[in-house]
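# Chain and residue survey
So you can see what is in the structure, the chains are spelled out below.
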Amino acid sequence: MNSQIGTSGLIFNEPQLWDKSIPGRCGISIPSNDVAKIELSKELTRENVEFPELSEPDVVRHYTRLSQWNFGVDSGMYPLGSCTMKYNPKTNEVQASKQEIAGAHPLIGDDNSQGALKLMYDLQVMLAEITGMHATTVQPAAGAHGELAGMLIIHKYHEKKGRQRSKIIIPDTAHGTNPASATLCGYESIKVSSDENGVLTPEAVAELMDEDTAGIMITNPNTLGLFEKHIKEIADLVHAKGGLVYGDGANMNAIMGYVKPGEIGIDVLHLNLHKTFATPHGGGGPGSGPVVVTKELEPFLPVPIIAKNNDKYVIIEDMPDSIGRMHTFYGHFNVLVKAYSYILSMGAEGLKNVSEYAVLNANYIKESLKGVLNLPYDRPCMHECVFNDKKQAQFHITTMDMAKRLLDLGFHPPTVYFPLVVEGAFMVEPTETESKQTIDEFINAVKTITQEAKENPEILHSAPNITKVTRLDEVQAARKPCLRG
Ligand SMILES: *Cc1c(COP(=O)(O)O)cnc(C)c1O
């Protein structure tokens, strides 16, 4: 394994800028002022506002050092299951920072924004094509926001039909945002359990589906990384009782180019551009969660929608059945630009390859590690695989210990303790952008750790041992967060 990664010799301690301030020190030299001095009100004078006084190198080093405390997908493998932390090609950033795009302002009107509108219109069409759906809104700001938009659409649909329903079926493997979005729309979440193979059965859904249930929210592939193979049958029985099928498309990275959700019974679906379509994420945004719908649900989409009228791109506000606005203007335009750039640079074949390699890489890890970690669902997986700590329990080693030890070995840990249906889950999503060499290093790191669990468990209990900050008291951090640095 590469002996360089995981070393920490030149990572610095860094005080706050105020603590580094030296009175009189300045970052720039500007010519002396020949304009008459005006007295500002006392509150606005420098004496009353505490600015740190620093040179340019002080500031540059401060932020560069802070950035070195961080870890991102540009630093190394980030196999966080359910999050699709793929490498984001830099060409997308180049396109999004072009002056004519970064400087565009929505208030300059349609006539002066034809390029921006075309980009969003084309993206709407491409996302509808990729998912096999009819129409798209690019407004929602993230996956969970897309879920809320989608659930409001389902709510409006039932209202229009003349009778509101009160419940929604959600599998036990669902992402926590699913029941949260349903609750925000006033629906009660009814849990349906997956079977011993980790998937939903039509029988289990049939037992719960009734005419007071608005529909079902399904993630496919699900959060165990398994394809819901009965999806069509489940969708048919939900439709037969007048319900709708919400698809959580956060895992589209596994099926792009192979499965069109619109062809397997999904009525409304959100995508995470910041997962599948290579927009940087993990630092708190901005993201984008477009929603795609069937023809029947198009009238309920949020306003405005961008449409094409002959050769002109227009903004349509007049949609009487719309659920209303989900965001100011059109959502996070710069994220839309990056996704558009990504889709065009990959092309249709390229997007298909993404799914192929994402699935191949996850299965390679699953097969390579199943001897050393317990694999609760030993089936071919899609883009991620879920292990747990059952084999290490005899040495009193938990998933948390192994995750922390991975930091010493230079890897961001996978997702831990999710999905909830797997006790002590250790959920790995390599994505298509990691090379075989890096994946092999990760596999070797996990094997090293499982060996240490037997021979030297103390090193795992205290891990991480060589990072800047060692094991944190997470309970204390959650109960008494220190938000002031
Ligand atoms: C990430 C994710 C979400 C939520 O998306 P955000 O963009 O984080 O709001 C919903 N469902 C699944 C399955 C996810 O992986």
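Residues numbered from 1 in each chain as written. Predicted model: local features only at pLDDT ≥ 70, side-chain atom pairs only at ≥ 80, totals over all residues. Heavy atoms only, no water.

### Overview of the sheet that holds strand β3 (residues 188-192)
One key point about sheets: their strands pair by backbone hydrogen bonds, in either a parallel or an antiparallel sense. The line we're drawing: Two strands form a pair only when DSSP identifies at least two bridges running between them. Here a strand is any run of E in DSSP of at least two residues, a helix any run of H or I of at least four, and the numbering for each starts at the N terminus. Between the N-to-C directions of two axes lies an angle of 0 to 180 degrees, each axis being a line fitted to C-alpha atoms and, for a helix, fitted only over the stretch in contact.
Reading across from one edge, β1-β7-β6-β5-β4-β2-β3 is the order of the seven strands in this open sheet, with mixed pairing throughout. At either end of the open sheet lies a strand with only one pairing partner, and these are β1 (135-137) and β3. Sheet twist, expressed as the average angle between the axes of neighbouring strands with direction ignored, equals 25°. The sheet contact formed by strand β2 (residues 167-171) and β3 spans five bridges and is parallel. Among the inter-strand pairings, I169 is bridged to a residue of β3, identified as I190.

### Considerations on the site of the ligand
This is how it is decided: One heavy atom within 4 Å of a molecule or strand makes the whole residue count as near it. In the analysis that follows, any N or O atom pair within 3.5 Å is treated as a polar contact, provided that within protein one partner can donate a hydrogen and the other can accept it, and provided that, for residues neighboring in sequence, both atoms belong to side chains. For every accessible area listed, the method is Shrake-Rupley and the probe measures 1.4 Å; residues are considered covered only by the protein chains on display. Cavities and pockets were defined on a 1 Å grid built over protein atoms only: a cavity is a set of grid points that admits a 1.4 Å probe from which the probe cannot escape, a pocket is an open set flanked by protein on both sides within 12 Å along at least five of seven lines, and lining residues are those with an atom within 4 Å of any such point. Occupancy of a cavity or pocket is assigned to a molecule whenever over half of its atoms lie within 2 Å of that pocket's grid points.
Around the ligand, 13 residues are found, and the nearest of them are G143, A144, D248, H274 and K275. For the ligand, an oxygen atom lies 2.8 Å from a polar atom in the backbone of A144. Between an oxygen atom of the ligand and a side-chain N or O atom of H274, the distance comes to 2.6 Å. For the ligand, the protein covers 87% of the area, taking 380 Å² as the surface of the free molecule. Under a 2 Å grid-point criterion requiring more than half of the atoms, the pocket assigned to the ligand is the second largest pocket. Residue assignment for the shell around the ligand shows that the elements contributing at least two residues are α6 (143-161) and α10 (273-276).

### A short note on a nonpolar patch on the surface
Heads up, the condition is: Here the term patch refers to residues with relative accessible area over 30% and no salt bridge, with like charges joined within 9 Å and nonpolar side chains (Val, Leu, Ile, Met, Phe, Trp, Tyr) within 5 Å. Each salt bridge in this description consists of a side-chain nitrogen of Lys or Arg and a carboxyl oxygen of Asp or Glu lying within 4 Å of one another. Throughout, exposure labels follow a simple rule: accessible area from a 1.4 Å probe, protein chains only, divided by the maximum for the residue type, with under 20% read as buried, over 50% as exposed, and the rest as partly exposed.
Nonpolar side chains collect at one region of the surface, where I11, Y63, L66 and W69 lie side by side and expose about 370 Å² of accessible area between them. If you trace the backbone, L66 turns up in helix α2 (residues 56-68). When its relative accessible area of 31% is taken as the criterion, L66 is described as partly exposed.

### Section: the sheet that holds strand β11 (residues 415-416)
In plain terms, the rule: We call two residues in contact when some of their heavy atoms are within 4.5 Å.
Here we have three strands laid out as an open sheet, ordered β10-β12-β11, and antiparallel in their pairing. The sheet is open, and its two edges are formed by β10 (385-387) and β11, each paired on a single side. Pairing geometry for β10 and strand β12 (residues 426-428), over three bridges, is antiparallel. Directly across from F387, in β12, lies its bridge partner F426. In this fold helix α11 (residues 333-369) packs onto β10 and β12, with an angle of close to 25° to the strand it touches most, β10.

### Quick look at the domain arrangement of the protein chain
As a reminder of what qualifies: As annotated, the domain borders come from an automatic or database domain assignment. Summed over both partners, the accessible surface that disappears when two parts come together, traced with a 1.4 Å probe, is what is meant by buried area. We call Asp, Glu, Lys and Arg charged. Ala, Val, Leu, Ile, Met, Phe, Trp, Tyr, Cys and Pro are nonpolar, and the rest, Gly among them, are polar.
Partitioning the protein chain into structural domains gives domain 1 (90-346) and domain 2 (352-479). On a C-alpha basis, the centroid separation for the pair domain 1 and domain 2 is 30 Å. At the interface, 26 residues of domain 1 touch 20 residues of domain 2. Here domain 1 meets domain 2 over a buried area of about 1,800 Å², counting both sides, of which 62% is carbon and sulfur. Taken together, domain 1 and domain 2 are joined by zero salt bridges. Applying the counting rule to domain 1 against domain 2 returns six residue pairs in polar contact (both at pLDDT 80 or more). For the side of domain 1 that touches domain 2, the residue count by class is 13 nonpolar, ten polar and three charged.

### Some words on the pairing of strand β9 (residues 312-316)
Judged from the five bridges that link them, strand β8 (residues 305-309) and β9 form a sheet pairing that is antiparallel. If you follow A307 over to β9, its bridge partner there is V314. A loop of two residues connects β8 with β9, the two strands running antiparallel in sequence, and N310 in this loop sits at a positive phi of about 55°.

### Observations concerning unusual backbone geometry
The omega torsion of the bond from V303 to P304 falls at -5°, within 30 degrees of zero and hence cis. Assignment of secondary structure puts P304 in the loop between β7 (291-293) and β8. Of the consecutive residues A463 and P464, the connecting peptide bond is found in the cis state with omega at 0°. By the element assignment, P464 lies in the loop between α14 (457-461) and α15 (474-479). Positive phi outside glycine occurs at A278, with the angle close to 55°. Locating A278 in the fold gives a position in the loop between α10 and β7. With relative accessibility at 1%, the residue A278 sits in the buried group.

### A look at the packing of aromatic side chains
Put simply, the rule is: The pairing test for Phe, Tyr and Trp rings, Trp by its six-membered ring, is centres within 6.5 Å, and the orientation test on the planes gives stacked under 30 degrees, edge-to-face over 60, and tilted for anything in between. Here, a charge over a ring means that NZ of Lys or CZ of Arg falls within 6 Å of the ring centre while also lying within 35 degrees of the ring normal.
In this structure the tally under the stated criterion is five aromatic pairs. Considering the side-chain rings of F71 and Y78, the 5.8 Å spacing of their centres and the 55° angle between planes classify their relative orientation as tilted. Centre to centre, the rings of F329 and Y330 are 6.4 Å apart; their planes meet at 50°, and the pair counts as tilted. The residue whose ring lies beneath K352 is Y258, and the NZ or CZ to ring-centre distance is 5.1 Å. Directly above the aromatic system of W69 lies the positively charged group of K468, at a separation of 4.2 Å from the ring centroid.

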